[in-house]
Each structure stands twice: as structure tokens, then as C-alpha cells.
Amino acid sequence: MSNRVIMAAGNWKMNKTPREAVEFVNDLKDRVANSNSEVVVGVPFVCIPGVVEAAKGSNIKVAAQNCHWEPSGAYTGEVSCSMLKELGVDYVIIGHSERREYFAETDEMVNKKARAILDNGMIPIICCGESLTQREQGVTKEHVRYQIKIALLGITAEEASKIVIAYEPIWAIGTGKTATTEQAEEVCGIIRELVEELYSKDVAEKIRILYGGSVKPENAKELFAMPNIDGGLVGGASLKSDSFEKIANHDA
Ligand code: PGA
């Protein structure tokens, strides 16, 4: 057994208004008060102030779903890491496949964002994962290794041991189609091997690797019990407190 703490991270995507977000967190905090998992909610930017306030004194941590890598400047519509840090954000999700697909986020941008997040005292949750075509063509390993290798350029061993990677096969996101436990474990294992290759065994033992893609109460326990899976990045099932509670308390 590793010493890594299981993380249950919700990715709300573009869901919930600021008021709904606060109501949700107020309800969730008692439900997860005794959870052994680290509970994180990834909320829209405008929900952050209210959610940070509502989560005070609880064991819920707050993630943003994106950031810009520059500290400030002429980037209309963007949000910098110092802005997020000042609001009390702990984690920032970067490189999600939806951002890559709809907003042209590249591995190089993910790398710059990771740098900026760490420089501002927050932790990146770096997403990676293959498309259905890539899986069918047998290039999952190459693709994921490429994504993570570029994302981690210039990141030190000390920094790498704190970050979180989320393996999310694109074909499993929002489709109800979960990767089998073996498929998820295999790729999370490949990522851990890569981290060992890039840094050391020690960093590979410390870094947390989540699985994402149709995680639900019915499959969380089995997935999170795998040796290389340290929790989940949860979309749809994180929007209802009942299901997210069950995922966070999967071992209760
Ligand atoms: P899903 O989304 O759980 O709804 O499949 C996961 C994600 O996109 O992070």
C-alpha cells in the first residue's frame, strides 16, 4: 500500500450558478466530514469566492478549471494564477480534453500553465488521455507519454512529487462508458513508470494519478483500490451531492 491519499475531485465544468454552488458545498461539507479522501470541487471561476467561503473550516478544497500562464496583461477574458491564489484556490485543472478540443489548448500551453500554477503556490491537476481512434490504433501509451512529458518540462522533482495527473480516456468522458479497471490501471501504471524515468522512484511513489471518465458510485471503490489509481476526477457524478458523497466516502 502506498502512502498516497486518495483524491475525489469533482469537475463541475460549466454547471451551477454561484448561488447553486454555495448551496451545494454547504450540503456536501457535512456529508464528507469524515471522508478518508481528499475532497476537491473544481468550480467555474465565478463560483470560486462563494465556494471558498462556504468550504472554510471543512475538508473540502477548491480547484479552478483553467488559468492563464501570464501574470497579467492584455488577454481579454482570461484569469491569472495570482488572481486565483488570492481567492484561496488550492488546485487548478489544466489540459482537460474539452479545453484541448474546443479551446485549442496544447501540451506546450499546459506546460506553461503548470509552471505558473506552481510559481503561485497552487497545485496543477494535469489531464491527459487518448481518443477512441488512438486507442484503436494502439498508440495510447505513446500519446499519453508525449502529453505528460511535455507538460512536465522544466518541473523539478520536488514540484513533480506534489502535482496530480488525471488520466481521462476521451471516449470514457460523459459517455457512461468507463474504462475497465484493468485499462485504467494499465495507463496509470504507464504514467507512473514515465515519472520514474523522468525523475526517480521516490517521485513516482509520491505523485498522485487519478482516473477520470464516467466515475460513479458503482465503480469508484474498485477503481480507487488499484495500486496505481489514486482517486478520480469526476464530472457528471460530482454534480449531485448524493453520488459525489458516495464516491468520496467509497471506503466507508
Ligand atoms: P465524466 O467527466 O465523469 O462526466 O465522464 C469526467 C471529466 O471530464 O473530468
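Keep in mind that this is a model prediction, so the values were computed, not measured.

A. Focus on the overall build of the protein. The helix and strand inventory of the protein stands at 12 helices and eight strands. Rg of the C-alpha trace for the protein: 17 Å, near the compact-globule value of 18 Å for 252 residues, within the 12% margin. Principal-axis analysis of the C-alpha atoms gives the protein an extent of 45 × 45 × 35 Å. Taking all 252 residues of the protein together, the buried fraction comes to 52%. When contacts within the protein are restricted to residue pairs at least 6 apart in sequence, those whose partners lie at least 24 apart make up 71%. Carbon and sulfur atoms provide 52% of the accessible area of the protein, an area that totals close to 11400 Å². For the protein, the centre of its 28 positive side-chain charges and the centre of its 36 negative side-chain charges are spaced 1 Å apart.

B. Geometry of the site of the ligand. Surveying the vicinity of the ligand reveals 13 residues, the closest of which are K13, H96, E168, G174 and S214. Here an oxygen atom of the ligand and a side-chain polar atom of K13 are 2.7 Å apart. About the coverage of the ligand: the protein hides 95% of its 280 Å² of free accessible area. Here the shell around the ligand is composed, by residue class, of four nonpolar, seven polar and two charged.

C. Summary view of the packing of helix α1 (residues 18-31) against helix α12 (residues 241-248). It is the contact of α1 with α12, at a shortest axis distance of 10 Å, that shows an interaxial angle of 35°. Crossing angle aside, the handedness with which α1 passes α12 is right-handed. Two secondary-structure elements touch here, α1 through F24, D27, L28 and R31 and α12 through S241, D242, F244 and E245. Residues that form the contact of α1 with α12 fall into these classes: three nonpolar, one polar and four charged.

D. Summary view of the nonpolar core. Ranked by internal contacts, the top residues of the largest apolar core, which has 68 residues, are V25, V41, L84, V92, I126, I191 and Y211. Sorting elements by how many residues they give to this core places helix α9 (residues 181-198) first, with six residues. Apart from the residues lying within four places of it in its own chain, the contact partners of I191 are C128, V144, I165, Y167 and I209. By size, the runner-up hydrophobic cluster in this structure holds 13 residues, among which are M7, A63, V164 and L233.

E. Seen up close, α12. If you check which residues of α12 are buried, you get S241, S243, F244, I247 and A248. Along the axis of α12, the buried positions cluster into a sector of 165°, meaning they face one direction only. Next to the buried residues of α12 lie β1 (7-11), α1, β2 (38-42), α11 (217-224) and β8 (231-234).

F. Quick look at unusual backbone geometry. Located in the positive-phi region is K13, a residue other than glycine, with phi close to 55°. Checked against the element boundaries, K13 lands in the loop between β1 and α1. Even without being a glycine, A104 presents a positive backbone phi close to 55°. Tracing the sequence through the fold places A104 in the loop between α4 (97-103) and α5 (107-119).

G. How the structure looks around the layout of surface pockets. If you add up the space inside the largest pocket, you get close to 430 Å³. Lining the largest pocket are 14 residues, and of these K13, M14, Q65, R99 and F103 lie nearest its centre. Ranked by residue count, the leading element in the lining of the largest pocket is α4, at four residues. Taken together, the residues that form the lining of the largest pocket break down as seven nonpolar, four polar and three charged.

H. The packing of aromatic side chains, seen in detail. Under the definition given, this model contains three aromatic pairs. Each ring, one from W12 and one from F24, has its centre 5.2 Å from the other, and the planes form 80°; the classification is edge-to-face. Of the two residues, W12 sits in the loop between β1 and α1 while F24 sits in helix α1, which places them 12 residues apart along the sequence. It is K16 that lies over the ring of W12; its NZ or CZ is 5.5 Å from the centre.

Rules and cut-offs
- Residues numbered from 1 in each chain as written.
- Predicted model: local features only at pLDDT ≥ 70, side-chain atom pairs only at ≥ 80, totals over all residues.
- Heavy atoms only, no water.
- Helix = DSSP H or I, 4+ residues; strand = E, 2+ residues; numbered from the N terminus.
- Rg over C-alpha atoms; globule rule 2.2 N^0.38 Å.
- Buried < 20%, exposed > 50% of the residue type's maximum accessible area, 1.4 Å probe, protein only.
- Contact = heavy atoms within 4.5 Å.
- Areas by Shrake-Rupley, 256 points an atom, 1.4 Å probe, with all protein chains shown as cover.
- Lys, Arg positive; Asp, Glu negative; His and termini not counted.
- Charge placed at Lys NZ, Arg CZ, Asp CG, Glu CD.
- Near = heavy atom within 4 Å.
- Polar contact = N/O pair within 3.5 Å; in protein donor to acceptor, adjacent residues only side chain to side chain.
- Nonpolar A, V, L, I, M, F, W, Y, C, P; charged D, E, K, R; others polar.
- Axes fitted to C-alpha atoms, helices over the stretch in contact; angles between N-to-C directions.
- Left-handed = near helix turned anticlockwise from the far one by under 90°.
- Core = buried A, V, L, I, M, F, W, Y, C linked by side-chain atoms within 4.5 Å.
- Arc of directions from axis to C-beta.
- 1 Å grid on protein atoms, 1.4 Å probe; cavity = no way out; pocket = protein on both sides within 12 Å on 5 of 7 lines; lining within 4 Å.
- Points joined across faces, edges and corners; volume = space filled by probe spheres on them.
- Phe/Tyr/Trp six-rings, centres within 6.5 Å; stacked < 30°, edge-to-face > 60°.
- Lys NZ or Arg CZ within 6 Å of the ring centre and 35° of its normal.

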